[in-house]
Structure formats: structure tokens, C-alpha cells
Amino acid sequence: MKYCIVTYGCQMNLHESEKIAGVLRGEGYTEAGEIGEADIIVFNTCCIRENAENHAFGNIGALKKLKREKKGLLIAVGGCMAQERGKAELLRKKFPFVDIVFGTHNLNELASLIERKRKERKAVVSLKEERGETEDGIVPVRTSYPNAWVNITYGCNNFCSYCIVPYVRGRERSRGAEQILEEVRGLVKEGYGEITLLGQNVNSYRDGDVAFPELLERVARIEGNFRVRFMTSHPKDFSAELVRVMKENPKICRHLHLPVQSGNNRILALMNRRYTREKYLEEIALLKREIPDCEVTTDLIVAFPTETEEEFCDTLSLVKEADLSSAFTFIYSPREGTKAAQMEGRIPEDIAKDRIMRLVEAVNANTREKSAKYAGKTVEILCEDYDGKKGLYLGRDQYGRMGYFASGTDMIGKFVKLVIKEANGISLYGEIAE
Ligand code: 5AD
Ligand code: SF4
């Protein structure tokens, strides 16, 4: 029996799919080479923006035919969209051939839901309210060697006015520090070269007296040849202590993903972000003063309700002023049940599209400018894959830049020093240093 998992959304979801795979392995399934071979297909969905949902809707719909042709095929839909208010019923109505619908707090139950479905004819729908679950007992099937994701927190308490995450992921809860350290020690022993600590808001991690900077430091002091990343950070919880820990522990990548969302104070207040442009700039200044080579990346939203051209320009100018090396850029997408969805002053689509295009151009210009400085330099990358089309190995340096190189032997999982010959947009091309 074979499984296939289709994942939408962020790294949290990708890692969660590794846990879903762990549950399915426990049930005797092995991974299918392609979707047509699978006996169970699981969709792990995302609902952060409307287009993520539309994507999933389209692909689930496309399975109707396969379901009719293949007797005994099970289709399960889980994740954020399934947990969203009213969406489970909508999924059931639109796709009556779906066998199992499960939310974000039911992973521990997935095996028993499959059992139940095998016995019952009708669909099994199981949605729970969050009650402090942390998915601790599940052993994931890791798919991203040499990087390993490790959850440190689940859920979010921030309620940014545009964001649906707190509603579908529940209140923030932290895993025990000892448990996290044990997991990382095991991964390093297995040969993972990069550990990424994951949480919606890692800076507010707390287990008793252990806050995030201490946890990070303890992870970085584990013996072995590896590096550590973490995401996502919130500017309101940024601290000098975090900067100290990053500075003093060379295993921590000199890269901070610090979503700012907007460069304008009125919009930041409407977004309920609880910091100002000035505070954000001060944080970056402190970081770069202490760790001059540290790179900062961010998330940006354009066309939040009532955003004026002038206010959008504050976001544009922040890219340069904060020296952001790259950014994920989004057009605001109203999410039912959030505060912002009730706000007046929606920005017309043509204006929103124009703004995002100008923003992407500004971000790319900055990225290119920074990449160009790499030519002739030596960088260390962790080789993660082989690109068959290019005939080159690839990997990232600690700042998150992708480097390509040729090699006659398999380099995946190895740290490699490259002399950069060419910087092309966001990618670097180099040769192995002698
Ligand atoms: N519309 C557009 N972008 C959003 N994000 C979160 N919610 C929305 C929304 N409703 C973006 C934020 C966040 C990233 C993960 O997704 O920038 O940091
Ligand atoms: Fe959403 Fe804000 Fe929480 Fe991030 S911090 S998940 S944007 S509510």
C-alpha cells in the first residue's frame, strides 16, 4: 500500500507533512512514486491567502476521476483549510468523494481516522479545538536532508489583524527544551548539517525559565558539524540578548528573517503589529552594528485596506533603508473572521498589482546589488541537491544565498567552500576552492 502527500504553504506545513508520512508509515504504507500509484492521497492545506485555497480546491477537484477509477483509493484533506470555520462543510459539499477531513489538532488521531474510514462507508470528519497538543509522539519521515526542521512552538497569540493563523493553529504553546535538545542531538548524530527551529513566532518561546535566546544558545552548543537557523521572528519580541547569542555562537547562521509587513506606522498600527518603522530600523541597526555581515530578509504586504500611495512608498523605501537582502511579497488577501476583513477601504486589484510589481522590482534590485558583491569571494555552502538540468550541485550559504557548482562526486550533505565566479541575480556560480 502506498501514500502520496500533497503539501501547500509554509515550512510548518512541509514539516507537518513529514509527520503525516510518519503516521502513514506506521500504518504500513510506503511512499508512492507518483500520485496515480497511491492508495491514500493526503492534502495538507494552507489558508493564509485566497490563492493558496484556490490551488488546493482545484487539485482536490481533479481527483474525482481517479477516485472513480480506482476502487479503495482513500482521499484525506487536512491542515489549515480543513480547520477553518465552515470550510470542512464546504469541502464535503464540493467534493463528496473525499473520505477523511481532519484539522490541525488531529494528527495524533490520523491513524484511527483511517481505521474508522476503512470500516464505515460515509466520510469521516474530525475537527478538534486545540487543547495544547504538540505532536510530540510522532516520528517524522524527513524529506529535506541535509536540513531538518524542528518545531519549538505551535500556534500564535499575536492576532495580526489580517492573519488567520491564530484561528486555525490555536494558541501558542512551546515544546519542552529538553525534548527539543534531544531531538537536535539525534539529528546531528544522523548527519543532518542544518537544523531549522520552527515556530510562528519563535522569539516568544518559553519553557519555564528557558526563553528563546537560551534555547538557541543551547542548541548551538551541541557538539557536531552543523548550523542552526530559526524562523519566524517577530520584531516586537526582538532582543539584544538574541543578537548576543547570534554573535557569540558561530553555528547560528548570520541570517535573520524578520517580517516587517509594512514600512508605514499607520498601517502597522492597523495591522496590530505593535512596533513602528523606527523601532524596526533600530533593531536592524543594532543587529548590523554587532554582526556587520548579518543578512535580514522579510515579508511584505501591499494594499492593506486604506493604504495610500504615500504609505505604500514608505514600504518601498524601507527595503533600501533597512538593507533587506530579499523579501516575500504579498498582496493583502481578506480572510473571513479576521479583523481586517471587516475594514473598509479595500484597494482595487489594479492598484494592488501595480504596487506589488514596483515592490518586487525594488527588492530584486537590492538582492542583485548584494549578490554582485560576491564575485571573487569564497563562501561555504551546505550542498543540498543536484540540478539535473544544469548538471550542477547546489546548496545555500549561511546567509541563505544559493550557490551552484560542478563536481564529479556526490556532494549532497557536505559543507563545500566555493570561489564565486559569477553572480546571476539571486544565484551564485562557483568552483570548489582548493
Ligand atoms: N494577506 C496577505 N498576506 C498575508 N500574510 C499573512 N496573512 C496574509 C493575508 N491575509 C503574509 C504575511 C506573513 C506571511 C507568512 O504571509 O506577510 O508574514
Ligand atoms: Fe499571523 Fe501575525 Fe501570528 Fe505571524 S505573528 S502567524 S502574521 S498572527
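Structural data are supplied above this passage.
All values reported here derive from a predicted model rather than from experimental measurement.

Draft legend 1. Structural detail: helix H2 (residues 50-61). Along its 12 residues, H2 runs 17 Å from first to last C-alpha, staying within 8% of the 16 Å computed at 1.5 Å per residue. Along its buried surface, H2 packs onto strand S3 (40-45), helix H3 (64-69), strand S4 (74-79), helix H4 (80-83) and helix H5 (87-94).

Draft legend 2. Region of interest: the sheet that holds strand S19 (residues 402-405). The strand order S17-S18-S19-S21-S20 describes a closed barrel built from 5 strands, whose pairing is mixed. On average, each strand axis in the sheet is inclined to that of its neighbour by 55°, with strand direction left out of account. Two strands pair when backbone bridges link them, and strand S18 (residues 392-396) and S19 are joined in this way by 4 bridges, in the antiparallel orientation. Looking at the pairing, Leu 394 lines up with Tyr 404 of S19.

Draft legend 3. Seen up close, the packing of H2 against H5. Relative orientation of the contacting elements H2 and H5 amounts to 30°, with a least axis distance of 11 Å. As summarised for this structure, H2 and H5 are arranged roughly parallel, according to the angle between their axes. Of the two possible hands of crossing, H2 and H5 adopt the one that is right-handed. Residues Glu 53, Phe 57 and Ile 60 of H2 pack against Lys 87, Leu 90, Leu 91 and Lys 94 of H5.

Draft legend 4. Spotlight on unusual backbone geometry. In this chain, Tyr 145 is followed by Pro 146 through a cis amide linkage whose omega measures 5°. Note on placement: Pro 146 falls in the loop between strand S6 (124-126) and strand S7 (147-151). Note the cis peptide between Met 231 and Thr 232, where omega equals 10°. In this structure, Arg 274 takes a positive phi of about 65° despite not being glycine. Within the element layout of this structure, Arg 274 appears in the loop between helix H11 (265-270) and helix H12 (277-290). For Thr 306, which is not glycine, the phi dihedral falls at a positive 75°. Tracing the backbone shows Thr 306 in the loop between strand S15 (295-302) and helix H13 (309-321).

Conventions and cut-offs
Counting from 1, residues in each chain are numbered in the order their sequence is written. Naming scheme: in the order in which they are written, chains are lettered from A and ligands are numbered from 1. Only residues with pLDDT of at least 70 get local features here, since the model is predicted, and only at 80 or more are side-chain atom pairs given and counted; chain-wide, interface and lining totals rely on the full set of residues. Each side-chain value is worked out from all heavy atoms of the structure, with water and hydrogens disregarded. A run of H or I in DSSP counts as a helix once it spans at least four residues, and a run of E counts as a strand once it spans at least two, with each numbered from the N terminus. Expected span, for any helix, means 1.5 Å times one less than how many residues it has. The criterion used for residue contact is that any of the two residues' heavy atoms lie within 4.5 Å. Strand pairing follows a simple DSSP-based rule, namely that at least 2 bridges must link the two strands. Each axis is a line fitted through C-alpha atoms, taken for helices only over the stretch in contact, and angles between the N-to-C directions span 0 to 180 degrees. For classification, angles of less than 35 degrees are called roughly parallel, those exceeding 145 degrees roughly antiparallel, those between 65 and 115 degrees roughly perpendicular, and all remaining angles oblique. Crossings are classed by handedness, with left-handed meaning an anticlockwise turn of the near helix from the far one by less than a right angle and right-handed meaning a clockwise turn.

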